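# Architecture and fold: a report
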Amino acid sequence: GFLLLKERLGTREIVGGALSVAGAGAITYASPEVSPLLLVLMVLNIGLYGLNSLWVRRHRDRVPAVAVTFVRLYFLAAIFAVNLAVSGGFRWPTPGEALLVAVGGLVGPVLGVLAFYASLHHITATQSFLIKNTQPFLVVVAATLLLHKPFTPRQLLGGLVIVVGL
């Protein structure tokens, strides 16, 4: 944001951002399943998502966030449908699975992204990404509360670093 949109960052935001990124990294990359290829794909994902969000911020008055969100969903659906057709992994979901997929698809990809894009009307893209860095910690908290998965010391430390960074 500060490079492409020329947004200004104060020293406090730079230090806080570095801390929140470090905390998110401590939580996210703690798993032994994270291979170098997976790490590269995750960083690519973050970069592309960031570019998309910067594009939305730059054109927020001309292109409605709802339109961007739904076009994004259509592309995702098409890519996944082709992948499932090619891999032979497609099957129709049971009614219970269809409900879970519908709720999960509405909450994160639609409502979450719309809320994020709405924030771009009120704060800078850089500030919104700094706040978005709380996501790994909030996922750990939700997993602890909903799935009864205890915090690991690394996750707790990473979460504390994120909160201090904010």
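Scroll up for the structure.
No experiment lies behind these values; they were computed from the predicted model shown.

The subject of this paragraph is the pattern of salt bridges. With the rule as written, the count across this model stands at 1 salt bridge. Residue R91 pairs with E97 through a salt bridge whose shortest N-O separation is 2.9 Å. For E97, a relative accessible area of 29% translates into the label partly exposed.

So, about the packing of helix α1 (residues 11-28) against helix α7 (residues 153-165). In the contact formed by α1 and α7, the axes pass within 7 Å of each other and the chain directions differ by 160°. Put simply, α1 runs roughly antiparallel to α7. Two packed elements cross with a definite hand, and for α1 against α7 that hand is left-handed. Across the interface between the two elements, G16, G17, L19, S20, G23, A24, A26 and I27 of α1 pack against R154, Q155, G158, G159, V161, I162, V164 and G165 of α7. Tallied by class, residues from the contact of α1 with α7 come to 7 nonpolar, 8 polar and 1 charged.

As a further point, take the packing of aromatic side chains. For any pair of aromatic rings, the description rests on two quantities: the centre-to-centre distance and the angle between the ring planes. In this structure the tally under the stated criterion is 2 aromatic pairs. Each ring, one from F137 and one from F151, has its centre 6.3 Å from the other, and the planes form 35°; the classification is tilted. You can see F137 sitting in helix α6 (residues 135-147) and its partner F151 sitting in the loop between α6 and α7, a full 14 residues away along the chain.

Moving on, we come to the nonpolar core. Membership of the largest hydrophobic core is limited to 10 residues, which are Y49, L54, V56, A65, V68, V113, F116, Y117, L120 and A125. Put simply, the parts of the chain that give this core at least two residues each are α2 (36-58), α3 (65-87) and α4 (95-119). Excluding anything up to four places from it in sequence, F116 contacts Y49, S53, S128, F129 and K132.

Reading the values: the criteria
Residues numbered from 1 in each chain as written. Predicted model: local features only at pLDDT ≥ 70, side-chain atom pairs only at ≥ 80, totals over all residues. Heavy atoms only, no water. Salt bridge = Lys/Arg side-chain N within 4 Å of Asp/Glu carboxyl O. Buried < 20%, exposed > 50% of the residue type's maximum accessible area, 1.4 Å probe, protein only. Axes fitted to C-alpha atoms, helices over the stretch in contact; angles between N-to-C directions. Helix = DSSP H or I, 4+ residues; strand = E, 2+ residues; numbered from the N terminus. Parallel < 35°, antiparallel > 145°, perpendicular 65-115°, else oblique. Left-handed = near helix turned anticlockwise from the far one by under 90°. Contact = heavy atoms within 4.5 Å. Nonpolar A, V, L, I, M, F, W, Y, C, P; charged D, E, K, R; others polar. Phe/Tyr/Trp six-rings, centres within 6.5 Å; stacked < 30°, edge-to-face > 60°. Core = buried A, V, L, I, M, F, W, Y, C linked by side-chain atoms within 4.5 Å.

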